[in-house]
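# Structural overview for review
Here's the letter readout for the chains.
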Amino acid sequence: MKLRTVFAFFAAACMAAAALAQQPIVIKFSHVVALDTPKGLAAEYFKKIAEERTRGRVKVEVYPNSQLYKDKEELEALQLGAVQMLAPSMAKFGPMGVREYEAFDLPYIFDDYKELHRVTQGPIGQLLLKKLDSKGIAGLAFWDNGFKVMSANKPLRMPDDFKGLKMRIQSSKVLDLQMRALGAIPQVMAFSEVYQALQTGVVDGTENPVSNLYTQKMYEVQKYVTLSDHGYLGYALIANKKFWDSLPADIRVILDGAVKDSTKFANDLAQKKNDEDLESIRKSGKSQIITLTPQEKMAWKKALFKVHRESEARIGKELLQSIYKETGFDPGKL
Ligand code: LMR
């Protein structure tokens, strides 16, 4: 081979290597909620700091609002490597066999964010994130949303008011038991389909934190919203494990930092966003907001506590006891 040809080959190889080195690592981050929600804003924040701190070596493409995948499909897509990051609600892990996450769906298990954080930010949280390894998922952190309200076209003040109502739930056995304990008929449905199902009367009501009710405009097709705080809905920030583990070491350090900082961002924002959205619903006049009296709330707790017992074997008695211990939840008090 002539020397000139060798040089030409060498130069071409160098240029190809340089081009490859400049190719950013692309992270597709898919989620099902609106941009202007705790999860939506935290995903955008993660994108911003990840791209800035890696000086463009990482590109994060955020796909909100079920644009790319609906909630069940997005987990499959992550496992297949079609997307690299997600932040599904905890309820979404039960159907894939990680039943321990169903503990988060239990009625009244956390009184407030402080109690929740003792679990999500402590050793139990770490243990739960590790549980995802066997599914090819790297559990990175917990992102807050908030405590749920119930909505319908009739006022929901007492458990009896639920009788016969078709209530949309996520695909969670615990949420199924919860609606049945209230006398309602649970209907599993993808998040992206709830607005239309409420509008057309396919379901009568639903539950979610206010931020979702507001940003999906569900309150426009629901006459009453009860501030029941009967359960919690939040997220696990996750990545495809193979992808996450194979990141170059320097990038991985930066992204771990971005996860930590966006988790703080998400968790500082969640309550504020839900409070603001409640005010917006109130001002809209489209839904009437119902606050429960202490007696009414106690009636909800009494009706719903059996769900803890009914779910104990599925979730694991030991895990449940350790959560109760951490939060001070005392089933005997009801
Ligand atoms: C739902 O399906 O109601 C929630 O998981 C939506 C979300 O991700 O907040």
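Just above sits the structure.
This is a predicted model, so every value here is computed, not measured. (Residues numbered from 1 in each chain as written. Predicted model: local features only at pLDDT ≥ 70, side-chain atom pairs only at ≥ 80, totals over all residues. Heavy atoms only, no water.)

## As for the overall build of the chain
- The helix and strand inventory of the chain stands at 13 helices and 10 strands.
- Referenced to the eigenvectors of the C-alpha coordinate spread, the extents of the chain come out at roughly 90 × 45 × 30 Å.
- Relative to its full complement of 334 residues, the chain shows a buried share of 52%.
- Of the contacts made within the chain by residues no fewer than 6 positions apart, 76% connect residues no fewer than 24 positions apart.
- Only carbon and sulfur atoms are counted for the fraction: they give 54% of the accessible area of the chain, which is about 15,400 Å².
- Counting 48 positive and 40 negative side-chain charges, the chain places the averaged centre of each group 3 Å from the other. (Helix = DSSP H or I, 4+ residues; strand = E, 2+ residues; numbered from the N terminus. Buried < 20%, exposed > 50% of the residue type's maximum accessible area, 1.4 Å probe, protein only. Contact = heavy atoms within 4.5 Å. Areas by Shrake-Rupley, 256 points an atom, 1.4 Å probe, with all protein chains shown as cover. Lys, Arg positive; Asp, Glu negative; His and termini not counted. Charge placed at Lys NZ, Arg CZ, Asp CG, Glu CD.)

## Description of the packing of aromatic side chains
- Considering all chains together, one arrives at 15 aromatic pairs under this definition.
- For K301, the ring lying beneath its charged end belongs to Y108, and the centroid distance is 5.2 Å. (Phe/Tyr/Trp six-rings, centres within 6.5 Å; stacked < 30°, edge-to-face > 60°. Lys NZ or Arg CZ within 6 Å of the ring centre and 35° of its normal.)

## Thoughts on empty space enclosed by the protein
- Inspection of the entire model under this criterion finds one cavity of 30 Å³ or more.
- A volume near 90 Å³ is recorded for the largest cavity.
- The wall of the largest cavity is formed by 15 residues, among which V32, S89, K92, Q170 and F191 lie closest to the centre.
- Of all the secondary-structure elements, those providing two or more residues to the lining of the largest cavity are helix 3 (71-80) and strand 9 (232-240).
- Partitioning the lining of the largest cavity into residue classes produces six nonpolar, four polar and five charged. (1 Å grid on protein atoms, 1.4 Å probe; cavity = no way out; pocket = protein on both sides within 12 Å on 5 of 7 lines; lining within 4 Å. Points joined across faces, edges and corners; volume = space filled by probe spheres on them. Nonpolar A, V, L, I, M, F, W, Y, C, P; charged D, E, K, R; others polar.)

## What to know about the pattern of salt bridges
- Summed over all chains, the structure comprises 23 salt bridges.
- A salt bridge links K273 to D277; the nearest nitrogen and oxygen atoms lie 3.2 Å apart. Of this pair, K273 and D277 both sit in helix 10 (residues 249-284), four residues apart, which is roughly one turn of that helix.
- We classify D277 as buried; its relative accessible area is 3%.
- The structure contains a network of salt bridges with shared partners spanning K241, D245, R252 and D256. (Salt bridge = Lys/Arg side-chain N within 4 Å of Asp/Glu carboxyl O.)

## A word on the side chain of S30
- The topology assignment puts S30 in strand 1 (residues 25-30).
- Those residues in contact with S30 that sit more than four places away from it in its chain are Y63, L68, Y69, E74, V83, M85, L86 and A87.

## Looking at the nonpolar core
- In terms of nonpolar packing, the biggest core is built from 56 residues, with F93, Y101, F110, M150, F162, I238 and I323 touching the most fellow members.
- Here I323 is in contact with A103, I109, F110, V119 and I124, once residues within four sequence places are set aside.
- With 47 residues, the next largest nonpolar core counts F46, M85, A197 and L278 among its residues. (Core = buried A, V, L, I, M, F, W, Y, C linked by side-chain atoms within 4.5 Å.)

## Some points on the site of the ligand
- In the vicinity of the ligand there are 13 residues, among which K39, K92, R168, Q170 and Y235 approach most closely.
- Between an oxygen atom of the ligand and a side-chain N or O atom of K39, the distance comes to 2.7 Å.
- One of the side-chain N or O atoms of N208 is found 2.9 Å from an oxygen atom in the ligand.
- Protein contacts shield 100% of the accessible area of the ligand, which totals 270 Å² for the unbound molecule. (Near = heavy atom within 4 Å. Polar contact = N/O pair within 3.5 Å; in protein donor to acceptor, adjacent residues only side chain to side chain.)

## Structural notes on the environment of R309
- Tracing the sequence through the fold places R309 in helix 12 (residues 306-315).
- In sequence terms R309 and R282 are 27 residues apart; their C-alpha atoms lie 36 Å from each other.

## Comments concerning helix 4 (residues 113-120)
- Along helix 4, the residues classified as buried are Y113, E115, L116, V119 and T120. The buried residues of helix 4 occupy one face: seen down the axis, they fall within an arc of 160 degrees.
- The elements touched by buried residues of helix 4 are helix 5 (123-130), strand 4 (137-152), strand 9, helix 10 and helix 13 (317-327).
- Put simply, D112 is the residue that caps the front of helix 4, since its side-chain oxygen is 3.2 Å from the backbone nitrogen of K114. (Arc of directions from axis to C-beta.)

## With respect to the packing of helix 6 (residues 173-181) against helix 12
- Helix 12 packs onto helix 6 with a crossing angle of 160 degrees between their chain directions and a minimal axis gap of 10 Å. Between helix 6 and helix 12, the angle is such that the two are roughly antiparallel. Between helix 6 and helix 12 the crossing geometry is right-handed. Residue-level contacts link K173, V174, L177, Q178 and A181 of helix 6 to K306, V307, E310, S311, R314 and I315 of helix 12. (Axes fitted to C-alpha atoms, helices over the stretch in contact; angles between N-to-C directions. Parallel < 35°, antiparallel > 145°, perpendicular 65-115°, else oblique. Left-handed = near helix turned anticlockwise from the far one by under 90°.)

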